[in-house]
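Structural characterization, general
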Amino acid sequence: VSSDTDPLITLTTDIGWAYAAQMKGVILSRNPRARIIDLTHDVPPHQILEGAFLLLHMARPFPPGCIHVAVVDPGVGGSRERICLVGPQGTRLVGPDNGVLSPLAEILGAREAYRLDPGRVIPGETPSATFEGRDIFAPAAARLSRGESPESLGPPVAWQRLKLPEPVATSEGFEVTILHVDRFGNCITNVPMTAVRDRWGASEISVVLGAGRHRERVPIARTYSDLPLGTLAVLGSSFGLAELSVNQGRADERLHLRPGEKIFLQGA
Amino acid sequence: VSSDTDPLITLTTDIGWAYAAQMKGVILSRNPRARIIDLTHDVPPHQILEGAFLLLHMARPFPPGCIHVAVVDPGVGGSRERICLVGPQGTRLVGPDNGVLSPLAEILGAREAYRLDPGRVIPGETPSATFEGRDIFAPAAARLSRGESPESLGPPVAWQRLKLPEPVATSEGFEVTILHVDRFGNCITNVPMTAVRDRWGASEISVVLGAGRHRERVPIARTYSDLPLGTLAVLGSSFGLAELSVNQGRADERLHLRPGEKIFLQGA
Amino acid sequence: VSSDTDPLITLTTDIGWAYAAQMKGVILSRNPRARIIDLTHDVPPHQILEGAFLLLHMARPFPPGCIHVAVVDPGVGGSRERICLVGPQGTRLVGPDNGVLSPLAEILGAREAYRLDPGRVIPGETPSATFEGRDIFAPAAARLSRGESPESLGPPVAWQRLKLPEPVATSEGFEVTILHVDRFGNCITNVPMTAVRDRWGASEISVVLGAGRHRERVPIARTYSDLPLGTLAVLGSSFGLAELSVNQGRADERLHLRPGEKIFLQGA
């Protein structure tokens, strides 16, 4: 059997490398043929929405048939379910049913979900109450990668349809939410860049922080290097969304922004 | 030959990704079939005990027959030996003989060690004095992964039997050592959670910092989400050990704790 | 086909894991047989010289025939070219033509470069203006890994011959540049350790910070553990270059040094 038929399992977590390593060992001990791809283990701790946003964009380019495992799981050991969502062409999503899988599932058009029943995933074993990534999700991914069906791991269930926050159009522009701050300090909002361009063209807009705390006119730019060093601008992120960016600086520090915050984009 | 027979080599280091990348190149240039798995390159610099603790728990879930390479090596280029420890079913541990391999070797029941003789591992080459991970351990792992025997790399040797610190039972409870602080700020102690439960059941205990500096009553919890946000508690880590944890906060910052520190767990 | 013939693609970036994950998905969706090796995603943001230095040393140990992709690309979406450099025995380097590939290309003896023409790499698609790592370099690497020729992706071009800064010999010693600060705080200079030893032997030298701001006598050492804890010294890094190091401390913090800074090594 050639290696291109070996199953791909991707890992997206907020748990850091050392805990994720234990998941890799569990997977490989149950399926030595699995090919494990680290997406990121740097999701900010406990941030389900940011994890869901990142998973959506990281997993989408992967070929059909991958098993995507997400562990951003502040409710571990509690009452939230564990699920396997089934996408088209054999793609499967594995993780807690807290919404972290929802945006990816929706884009993929997943139609079914199955509960991961510990009695079927790890018969005779008791999972820890604090790390189901290792004790349930990794063994489930290994079973799926060996060709076992999601149905064999638990009954069909409904799942949480968490939505990423939507921008709100106002008479003056948009109220937007910061979905993610990247390694460069770019602040990615939830409004499509096309909507910004449709409204204001290629000119200037104003960035307004809550309650009039701060208002600043910024250019609309095409890319970082079109701007003088240190200039704050709005431009189209690679996610297709408007982002606030400082050429070779950090927009998050400049504006004191963090994921989850709401700001306003308005006419200049 | 199918890919599931390709040898697995895991890497655990404190050297960061860029130095570890050089090890990967050395391994793959000597055995292109090797499958390299990054466990972590984030061991706190020079922390042999914490590295040994993490290696033990990361490598244990892996299947037999892996080659586990550990590079936490403050004595590089000095008089400490380089060794290959032989576990059951073909598992091999490669690294400096400073104790970083010892807890894993003991759990695996390793019985033999062989010195890694540079003249045999890299005949005709001179290793640098500052990075034997690249110059000796990686080539040794590559040789082992091609089926060469540990005996062919050097003579049998005794090895350091470093023990992780043990908790001390006192009349009032336990003196414990922080073995690891994880990405969430959870402080993992060296006392089994079963010992804590056996002594105090599911009620409260006191966490006492050295010399009466601080004493605080905390609940014994089952998992993070059983607690109000921001509450400090003792619960069972996924390592099976008692950990101090703040639900969605950082216990290390709350108590100013670092790996290696000793604290007391006492009756409430 | 056995796995050792599957093509190796290495990734070196300053973009962090989440963006790099998208590159992996693009590569694997176009060539499921590709074996992707993470070198580092931690190059300091926008630092072309430091990225070039790290790529040179990380990629060199890899076997011939690898495809090395580098994304340190502050000029993304601007006028800088995208290129594929061709080394001996099928080694290929892919990235922006801003110099990040140059030192590696020179060591390898690369003789030809080809422009990566978006119309040929991703016919019918429009790349984003902000992430060509995902939109052009990853698809190009996937094509090359499937056996397509660099010539098929664009016409021959000249490329930037960026040089790493050279040390300057003076009557008193050397003016050197810090090329890299590693995870331990070691400050790697651009002067070969052999040149330091040739000039001063195994004794002491002086480290002089700009404009007489600071002058300190330090020993020349063989390795870290030869020094008392906390002692600043000059020793031979694993890159073959002189580095400033504090045994189990941080030389960068001790001397307030950062990559790109110039200092002087002089007689004691």
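The structure contained in this document is the topic of the report that follows. Worth saying up front: this structure is predicted, and the values here are computed from it rather than measured.

**As for the interface of chain B and chain C**
Taken together, the contact between chain B and chain C spans 34 residues of the former and 31 residues of the latter. Both sides together, the interface formed by chain B and chain C hides about 2,700 Å², and carbon and sulfur atoms give 58% of it. Looking only at chain B, the three residues that lose the most surface to chain C are Trp17, Tyr19 and Thr130 of chain B, adding up to 23% of its buried area. In this structure, the connection of chain B to chain C is made through 15 residue pairs in polar contact (both at pLDDT 80 or more). Considering every element that reaches the side of chain B that touches chain C, the biggest residue donor is helix H1 (residues 16-30) of chain B, with 11 residues.

**Quick notes on the relation of the copies chain B and chain C**
Of the transformation superimposing chain B on chain C, the axial component is 0.0 Å and the angular component is 120 degrees, with the fit at an RMSD of 0.0 Å. The relationship between the two copies is best expressed as a three-fold rotation axis. The share of interface residues of chain B whose copies in chain C are also at the interface is only 9%, consistent with the copies meeting through different surfaces.

**Details of the packing of aromatic side chains**
For the coordinates displayed, the defined rule picks out 15 aromatic pairs over all chains. Aromatic ring contacts, followed pair by pair, group Tyr19 and Phe131 of chain A together with Phe53 and Phe239 of chain B into a single cluster. A cation over an aromatic ring shows up here: Arg199 of chain B above the ring of Phe174 of chain B, its NZ or CZ 5.7 Å from the ring centre. The aromatic ring of Trp159 of chain C is capped on one face by Arg161 of chain C, whose charged end is 3.7 Å from the ring centroid.

**Overview of the relation of the copies chain A and chain B**
Each copy superposes on the other: chain A lies on chain B with an RMSD of 0.0 Å after a rotation of 120 degrees and an axial shift of 0.0 Å. When the interface residues of chain A are mapped onto chain B, a mere 9% of them again lie at the interface, so each copy presents a different face.

**What to know about unusual backbone geometry**
Positive phi outside glycine occurs at Gln89 of chain B, with the angle close to 55 degrees. Mapped onto the fold, Gln89 of chain B is located in the loop between strand E4 (82-86) and strand E5 (92-96).

**Considering the sheet that holds strand E5 (residues 92-96) of chain A**
The strands making up a sheet are joined through hydrogen bonds of the backbone, oriented either antiparallel or parallel. Ordered by their spatial adjacency, six strands build an open sheet running E2-E1-E3-E5-E4-E6 (chain A), and the pairing between neighbours is mixed. Among the strands making up the open sheet, the edge pair consists of strand E2 (35-40) and strand E6 (112-115) of chain A. Neighbour-to-neighbour, the strand axes of this sheet turn through a mean angle of 20 degrees, independent of strand direction. The pairing of strand E4 (residues 82-86) of chain A with E6 of chain A spans four bridges and is antiparallel. Bridge pairing links Ile83 of chain A to Arg115 of chain A in E6 of chain A. Contacts from helix H1 (residues 16-30) of chain C reach strand E1 (8-13) and E2 of chain A within the one sheet, and its direction differs from that of E2 of chain A by about 140 degrees.

**Structural notes on helix H6 (residues 193-200) of chain A**
Three or four residues apart is the spacing at which side chains of an α-helix point the same way, because the helix has 3.6 residues per turn. All names here are of chain A. Among the residues of H6, Met193, Val196 and Trp200 are the ones counted as buried. End-on, the buried residues of H6 take up no more than an arc of 60 degrees, which puts them together on one face. In H6, the exposed positions angled more than 90 degrees off the buried face are occupied by Thr194 and Asp198. At the exit of H6 stands Gly201, carrying a positive phi of roughly 65 degrees.

**What about the packing of H1 of chain C against helix H5 (residues 132-145) of chain C?**
All names here are of chain C. Packing of H1 against H5 brings their axes to within 9 Å, and their N-to-C directions diverge by 35 degrees. Handedness of the crossing formed by H1 with H5: right-handed. Contacts between H1 and H5 pair Gln22, Met23, Val26, Ile27 and Arg30 from the former with Gly133, Arg134, Ala138, Pro139 and Ala142 from the latter. In terms of residue class, the contact of H1 with H5 is built from six nonpolar, two polar and two charged.

**A short note on the nonpolar core**
Ranked by size, the top nonpolar core spans 61 residues in total, and within it Val69 and Leu116 of chain B carry the most contacts. The set of elements that each furnish at least two residues to this core consists of strand E1 (8-13), H1, strand E3 (67-71) and helix H5 (132-145) of chain B together with strand E2 (35-40), helix H2 (48-59), strand E4 (82-86) and helix H3 (102-108) of chain C. Contact partners of Val69 of chain B, with chain neighbours within four places excluded, come to Ile9, Thr10, Leu11, Thr12, Met23, Val94, Phe137 and Ala141 of chain B.

**A few points about the interface of chain A and chain B**
Counting from both sides, the interface comprises 34 residues of chain A and, opposite them, 31 residues of chain B. With both chains or domains summed, chain A and chain B bury close to 2,700 Å², and 58% of this area falls on carbon and sulfur atoms. Among the residues chain A hides against chain B, the three largest losses belong to Trp17, Tyr19 and Thr130 of chain A. Together they make up 23% of the total. There are 15 residue pairs in polar contact (both at pLDDT 80 or more) connecting chain A and chain B. The element contributing the most residues to the side of chain A that touches chain B is helix H1 (residues 16-30) of chain A, with 11 residues. Across the side of chain A that touches chain B, the residue classes tally to 16 nonpolar, 12 polar and six charged.

How each quantity is defined
Residues numbered from 1 in each chain as written. Chains lettered and ligands numbered in written order. Predicted model: local features only at pLDDT ≥ 70, side-chain atom pairs only at ≥ 80, totals over all residues. Heavy atoms only, no water. Contact = heavy atoms within 4.5 Å. Buried area = accessible area lost by both parts, 1.4 Å probe. Polar contact = N/O pair within 3.5 Å; in protein donor to acceptor, adjacent residues only side chain to side chain. Helix = DSSP H or I, 4+ residues; strand = E, 2+ residues; numbered from the N terminus. Least-squares fit on C-alpha atoms with pLDDT ≥ 70 in both. Phe/Tyr/Trp six-rings, centres within 6.5 Å; stacked < 30°, edge-to-face > 60°. Lys NZ or Arg CZ within 6 Å of the ring centre and 35° of its normal. Pairing = 2+ DSSP bridges. Axes fitted to C-alpha atoms, helices over the stretch in contact; angles between N-to-C directions. Buried < 20%, exposed > 50% of the residue type's maximum accessible area, 1.4 Å probe, protein only. Arc of directions from axis to C-beta. Left-handed = near helix turned anticlockwise from the far one by under 90°. Nonpolar A, V, L, I, M, F, W, Y, C, P; charged D, E, K, R; others polar. Core = buried A, V, L, I, M, F, W, Y, C linked by side-chain atoms within 4.5 Å.

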